[in-house]
Amino acid sequence: MAKKPASKPAAKKKAAPRKKTAAATSSSSSRVPKLPAYKPYKADKKELLDLYEQMLLIRRFEEKAGQLYGLGLIGGFCHLYIGQEAVAVGLQSALNEGHDSVITGYRDHGHMLAYGIDPKVIMAELTGRAAGISKGKGGSMHMFSVEHKFYGGHGIVGAQVSLGTGLGFAHKYREDGGVCMAYFGDGAANQGQVYESFNMAELWKLPMVFVVENNQYAMGTSVNRSSAEDQLFRRGESFRIPGVQVNGMDLLEVRGAAEMALKWVRAGKGPVLLELKTYRYRGHSMSDPAKYRSREEVQSMREKSDAIEQTKNQLIKMGMTEDDLKEADKKIRKIVAEAADFAESSPEPEASELYTDVLVEDY
């Protein structure tokens, strides 16, 4: 007996498409507060000369540090700030020195100088002398000054961002009106603790200015090759932290962005993320031959974008002469030479210093 053909299963009705809610259709960026526009800072001739000299001090100091490293007077790692001077000077000149906090990674000499710390004690620290700001025990990467509210100098990539968030929490908890400026690089921008810090900072509306110093090569790999999202100012959008990209080779643009960001943060609106597009002329550290980029690229940046040369030209337009600027350079070179002499003539720490500053016993 023939079997009856199996009946076809009833066709399933297609489910009606679900209506998207407004929340579902809106992008994450639409929920991020929009920062107000900023303009380049307007400085008179006297103020611009002061800012120029601060950048020049960093440049000449770092050049001397490179020389001392070559002579064997500086040991360990040494990361120079040459090329990035406009970032530290432009941002930190807008802070309340001794009131606001600054924390950064291991490329830290420039940030200390921009915060008004004596070049002599910085150079003494680089050379491992007892007169150094960390008694010769921190060296290039781990300088620290509670007095100046400069909290390092940290060798672990990205670790300073979490520590800086703690400083921001302290400012808010104490209600002292202070802000923490936490620097990190384009390489550190891919570290997980950075995003944990973003989350907490926005949840608690901490007074934080997060600064990405994007010198475009991290340790030696281009940001375009190492970051799926290479517009780093957008990295805070998932946490509703507003960000902006700034030309870090333009001193007055950096200062203008700093004024805007600090006004936002001091108003209690929560953290801001600034991406400073900048460039280092030397290798990642003194041991880096920087073969991952061409000499022509570096030379082009020096000729077309150098912040010190741009500011020098602005001062000339304001009426300063080449002789005036040569005198400024002469003054700065003297300060740096005196810092190097002080460092070389200072004694090394006593062996007993190995056992100090290890534990805090008095609570």
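Every value quoted in this text rests on a predicted model; they were computed, and no experiment measured them.

**Things to note about a nonpolar patch on the surface**
So, point 1. Together, Phe169, Tyr173, Met200, Leu203 and Trp204 give the surface a local cluster of nonpolar side chains, amounting to about 590 Å² of exposed area.
So, point 2. Breaking the nonpolar patch down by element, the ones donating at least two residues are α6 (159-174) and α7 (192-203).

**Section: the side chain of Ser197**
So, point 1. Note that Ser197 resides in helix α7.
So, point 2. Aside from chain neighbours lying at most four places away, what touches Ser197 is Val161, Ser162, Thr165 and Phe210.

**Side note on the packing of aromatic side chains**
So, point 1. Taken as a whole, this structure holds 11 aromatic pairs when the rule is applied.
So, point 2. When the ring of Tyr195 is compared with that of Phe239, the centres are 6.3 Å apart and the planes differ by 25°; the resulting orientation is stacked. With Tyr195 in helix α7 and Phe239 in the loop between α8 (223-226) and β4 (243-247), this residue pair connects regions lying 44 residues apart in the sequence.
So, point 3. Three or more aromatic residues link up through ring pairs in this structure, and these residues are Phe184, Tyr195, Phe198, Phe210 and Phe239.
So, point 4. Here Arg255 stacks its cationic end above the ring of Tyr41, 4.1 Å away from the centre of that ring.
So, point 5. In this structure, Lys269 is placed above the aromatic ring of Trp264, and the distance from its NZ or CZ to the ring centre is 4.6 Å.

**Quick notes on α6**
So, point 1. Its 16 residues give α6 an end-to-end C-alpha distance of 23 Å, which sits within 8% of 22 Å, the value for a rise of 1.5 Å per residue.
So, point 2. Among the residues making up α6, those that are buried are Ala159, Gln160, Val161, Gly164, Thr165, Leu167, Gly168, Ala170 and His171.
So, point 3. Lining the buried residues of α6 we find β1 (101-103), β2 (180-185), α7 and β3 (208-214).
So, point 4. One or two positions beyond α6, positive phi appears at Glu175, with a value near 55°.

**Concerning helix α3 (residues 85-92)**
One turn of an α-helix holds 3.6 residues; hence residues three or four places apart share an orientation.
So, point 1. Within α3, eight of the eight residues are buried, which leaves it mostly tucked inside the rest of the structure.
So, point 2. All of the buried residues in α3 are Glu85, Ala86, Val87, Ala88, Val89, Gly90, Leu91 and Gln92.

**Quick look at the environment of Gln299**
So, point 1. The topology assignment puts Gln299 in helix α10 (residues 295-305).
So, point 2. The spatial distance from the C-alpha of Gln299 to the C-alpha of Tyr281 is 8.5 Å, given a sequence separation of 18 residues.

**Looking at the sheet that holds strand β5 (residues 272-277)**
So, point 1. Overall, parallel pairing links the five strands, which are arranged β1-β2-β3-β5-β4 in an open sheet. Every interior strand has two partners, whereas the edge strands, β1 and β4, have only one. For this sheet, the mean inter-axis angle between neighbouring strands, taken without regard to orientation, is 20°.
So, point 2. Here six bridges tie β3 to β5, and the two strands are oriented parallel to one another.

Basis of the calculations
- Residues numbered from 1 in each chain as written.
- Predicted model: local features only at pLDDT ≥ 70, side-chain atom pairs only at ≥ 80, totals over all residues.
- Heavy atoms only, no water.
- Patch = residues over 30% accessible without salt bridge, like charges linked within 9 Å, V, L, I, M, F, W, Y side chains within 5 Å.
- Areas by Shrake-Rupley, 256 points an atom, 1.4 Å probe, with all protein chains shown as cover.
- Salt bridge = Lys/Arg side-chain N within 4 Å of Asp/Glu carboxyl O.
- Helix = DSSP H or I, 4+ residues; strand = E, 2+ residues; numbered from the N terminus.
- Contact = heavy atoms within 4.5 Å.
- Phe/Tyr/Trp six-rings, centres within 6.5 Å; stacked < 30°, edge-to-face > 60°.
- Lys NZ or Arg CZ within 6 Å of the ring centre and 35° of its normal.
- Expected span 1.5 Å × (residues − 1).
- Buried < 20%, exposed > 50% of the residue type's maximum accessible area, 1.4 Å probe, protein only.
- Pairing = 2+ DSSP bridges.
- Axes fitted to C-alpha atoms, helices over the stretch in contact; angles between N-to-C directions.

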